Protein chains: 2
Amino acid sequence: MPRRRQAVTIKHVAADAGVSLQTVSRVINAEPNVREEMRERVQASIDRLGYIPSIAAQRMSGSRSYLILALNDRDRTLEAWRARQGSDWVDQMLLGGMLKCAEHGYRMLFELVDTHDDHVERELAATLASLQPDGVILTPPHSDNPLITGFLQSRRVPFARIGSKGKNGGIPIVMGDEDAAREATQRLIALGHRRIGFIAGSKEYSLSDWRKAGWLGAMKEAGLPVDGLCLRGDFSYDSGLAAARALLELSPRPTAIIASNDQMALAALDAAAQMDIAVPAALSIVSFDNTPVTTFANPPLTAIDQPIAETVSCAVELLIAESRGEELLARPVNIPARLIERASTGPVPVAG
Amino acid sequence: MPRRRQAVTIKHVAADAGVSLQTVSRVINAEPNVREEMRERVQASIDRLGYIPSIAAQRMSGSRSYLILALNDRDRTLEAWRARQGSDWVDQMLLGGMLKCAEHGYRMLFELVDTHDDHVERELAATLASLQPDGVILTPPHSDNPLITGFLQSRRVPFARIGSKGKNGGIPIVMGDEDAAREATQRLIALGHRRIGFIAGSKEYSLSDWRKAGWLGAMKEAGLPVDGLCLRGDFSYDSGLAAARALLELSPRPTAIIASNDQMALAALDAAAQMDIAVPAALSIVSFDNTPVTTFANPPLTAIDQPIAETVSCAVELLIAESRGEELLARPVNIPARLIERASTGPVPVAG
DNA sequence: GTGAAAGCGCTAACAA
DNA sequence: TTGTTAGCGCTTTCAC
């Protein structure tokens, strides 16, 4: 194989413009201490020659790699991809992350990491050593994994923790879980519902309890009963089915159910169908996440959207700022989630 | 910002093992001309120190970047992500590509490129210059874009063209479109169907005609009529709806329809429902691609799976081999597609 | 089979 | 404000 060289290097530009390498470097990096006249001359040469800096070389000498690394849970991501249930978590991450990276001349690289692996540190070390990203984005459940956050802190690599509030370093960013749960509950209350069941998610994710807290808060503020109305699932369809059935066997029966993710909401929908309970005539259902499946359900599910693209976009912005040594906003950052009303919710049934 | 240095470099390993840098380099790259004893000694130092080569440095001096670049159409990809219809094309690419890359110590980087942009070449040049990937994967419609293929050829960058057969350089890889269309048609014929309609896809994609050719071939081999039974859509739901309605208004009516993608098949399903034609009792429907939506349709759609993950995995394998100067298989490579039978197909109705 | 030297493209530190 | 020098970590010559 022929040794592939850079076609146009900083040397060519320097020679062409009749300046030193350093001056070209300063222009590329928009550094101060360059006369406007010089800058223009150099820029002209850059444009004429079509010069593009090599990020490998920049990384070698400088402190920036122009790479942001997004780390997702290996098992869960592969499982979701293989199941082909239309979960678009990764796509939304790319949508938000890639576009924002591109704005700043960065690239986003996607990696999978084993959470439960004893070798997490070694795996992470290897990735950081070979890529040397300027920032790392952690998603649940990595965001709260002390092995990972501790390691990144020790390496002084800027990182964002999506779906996490704790003080484990980095930039915590939450997606409005509690507020949205409260808002959805209040909306159901406004529709006349009094007995509103809640299917919580796995304790492994912090957001499970935030979502529950939103429901609980709204119910208590309205002076409504909550005893026995909250059951815990684990985000799986099966766990949602069991929880929904149990809720629907209560007497008096809840007239609405909020499920902590779409799969469990789908299960609630099926449970209702099996028990001949019409949705939304006799039962309203609200789900969390708003993955594509919500629109294919029958009826389509009212859902709280998870603003993944916006969140990752924000994470990238903050990481780039931090890697440049800029000051950051107050923490944790909260990206609000919206309620998308579809056909699975309606007024409380008259006869209860 | 402090200058971030590599923690453990090849120098540390060399010092630790008491050998030259060169010997360590040879061990890392599994090159010949190293005594087994030496190799073991160096490897022990590498393991003990937890040494990981910096890909930036490797790229700087050597000829490999350990990066494979996947290029997708910008507008179409963003539109799909924003529409949130559960298309998992990108996810399947990542599934196949990332895992295969990881096997070889490579990384896969995902980029979006404007097809219709006049600046394609400039955009591509910039990406190649800054990343210097060892291989590029093109997806439709980039695979047949002469501006892109020509540019990659001139730069001598190994590239794969997915969904393309033509002689535009690189490694063409097709996903069994014609064979699968033939097989699906034969399956319908075996179920007793005689009048089988076909909704073709946009001419912008070569695979549209391959799919049609498979249907046409099977029909002719079986001596069945095809006149008026093939209408062309553009892969959109609306175009599918129009085509399906037209087919269902024919007399005698087709008892089966093959749509060239899932959205058009979904439209056919809806057209049938609107015309009170039961599926599969009075009409069988087969779709192409097998995106997640097929399982959510009512009834779930029988579909020809598009083996994206496998195809990208294969592309990565071949690109890495080519970048190492190895010989390649015969071209074009064909990755077979399977027919997934669900509830939208059945025996031909007795009364026609 | 192994090692020494040169250089990849770029930037930090320093000198002018 | 500009230029010079010395690396960054690694691989490629080319000696031995």
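This text follows the structure it describes.
So, here's what we can say about the structure. (Residues numbered from 1 in each chain as written. Chains lettered and ligands numbered in written order. Predicted model: local features only at pLDDT ≥ 70, side-chain atom pairs only at ≥ 80, totals over all residues. Heavy atoms only, no water.)

### Structural notes on the pairing of strand β10 (residues 302-305) of chain A
Residue and element names in this part refer to chain A.
Piece 1. On β10, burial covers both faces: T302 and I304 on one face and A303 and D305 on the other are all buried.
Piece 2. Direction of pairing for strand β9 (residues 284-289) relative to β10: parallel, over a ladder of four bridges. Bridging across to β10, S287 finds its partner in A303.
Piece 3. Here β10 runs beside strand β12 (residues 339-340); their pairing, made up of two bridges, is antiparallel. Within β12, the position partnered with A303 by the bridge is I340. (Buried < 20%, exposed > 50% of the residue type's maximum accessible area, 1.4 Å probe, protein only. Helix = DSSP H or I, 4+ residues; strand = E, 2+ residues; numbered from the N terminus. Pairing = 2+ DSSP bridges.)

### Remarks on the protein's contact with DNA strand D
Piece 1. Neighbouring DNA strand D are 31 residues, the closest being A:T23, A:R35, B:I10, B:Q22 and B:Y51.
Piece 2. In this structure, B:Q22 approaches DNA strand D through a side-chain N or O atom, which is 2.5 Å from a base oxygen.
Piece 3. Here a phosphate oxygen of DNA strand D and a side-chain polar atom of B:Y51 are 2.4 Å apart.
Piece 4. The set of elements that each furnish at least two residues to the surface near DNA strand D consists of α2 (21-28) and α4 (55-61) of chain A together with α1 (10-17), α2 (21-28) and α4 (55-61) of chain B.
Piece 5. Top element by residues in the surface near DNA strand D is α4(B). It accounts for four residues.
Piece 6. Its residues assigned to classes, the surface near DNA strand D shows nine nonpolar, 15 polar and seven charged. (Near = heavy atom within 4 Å. Polar contact = N/O pair within 3.5 Å; in protein donor to acceptor, adjacent residues only side chain to side chain. Nonpolar A, V, L, I, M, F, W, Y, C, P; charged D, E, K, R; others polar.)

### Details of the relation of the copies chain A and chain B
Piece 1. For the pair chain A and chain B, the best superposition has an RMSD of 0.2 Å and corresponds to a rotation of 180° with a translation of 0.1 Å parallel to the axis. The superposition of one copy onto the other is thereby described by a two-fold rotation axis.
Piece 2. When the interface residues of chain A are mapped onto chain B, 100% of them are again interface residues, pointing to one common binding face. (Least-squares fit on C-alpha atoms with pLDDT ≥ 70 in both. Contact = heavy atoms within 4.5 Å.)

### Points about the environment of B:I320
All names here are of chain B.
Piece 1. With respect to the element layout, I320 can be found in helix α14 (residues 308-323).
Piece 2. Separated by 129 residues in the primary sequence, I320 and L191 have C-alpha atoms spaced 44 Å apart.
Piece 3. Setting aside chain neighbours within four positions, we find I320 in contact with I68, H104 and Y106.

### So, the interface of chain A and chain B
Piece 1. Counting from both sides, the interface comprises 58 residues of chain A and, opposite them, 59 residues of chain B.
Piece 2. Run the count over chain A and chain B and you get six salt bridges.
Piece 3. Put simply, A:D88 and B:R84 hold a salt bridge, and the shortest N to O gap is 2.9 Å.
Piece 4. Remark: the boundary between chain A and chain B carries 16 residue pairs in polar contact (both at pLDDT 80 or more). (Salt bridge = Lys/Arg side-chain N within 4 Å of Asp/Glu carboxyl O.)

### Structural notes on the nonpolar core
Piece 1. The biggest cluster of nonpolar side chains holds 65 residues, and the ones touching the most others in it are A:F110 and A:I137.
Piece 2. Setting aside anything within four residues of it in sequence, one finds A:F110 in contact with A:A70, A:N72, A:W81, A:V90, A:M93, A:L94 and B:M98.
Piece 3. With 36 residues, the next largest nonpolar core counts A:I55, A:L128, B:L128 and B:V136 among its residues. (Core = buried A, V, L, I, M, F, W, Y, C linked by side-chain atoms within 4.5 Å.)

### Regarding the protein's contact with DNA strand C
Piece 1. In the vicinity of DNA strand C, 31 residues are found, and the nearest of them are A:I10, A:Q22, A:Y51, B:T23 and B:R35.
Piece 2. For DNA strand C, the backbone portion of the atoms within 4 Å of the protein, that is sugar and phosphate, comes to 68%.
Piece 3. Contact between DNA strand C and A:S25: a phosphate oxygen at 2.8 Å from a side-chain N or O atom of the residue.
Piece 4. For DNA strand C, a phosphate oxygen lies 2.7 Å from a polar atom in the backbone of B:R35.
Piece 5. Those elements that provide at least two residues to the surface near DNA strand C are α1 (10-17), α2 and α4 of chain A together with α2 and α4 of chain B.
Piece 6. When residues in the surface near DNA strand C are grouped by element, the largest group, four residues, is from α4(A).

### A word on the side chain of A:S208
Piece 1. Among the secondary structure elements, A:S208 is positioned in helix α10 (residues 206-221).
Piece 2. Once you skip the residues sitting within four places of it in the chain, A:S208 turns out to touch A:G201, A:S202, A:R232 and A:F235.

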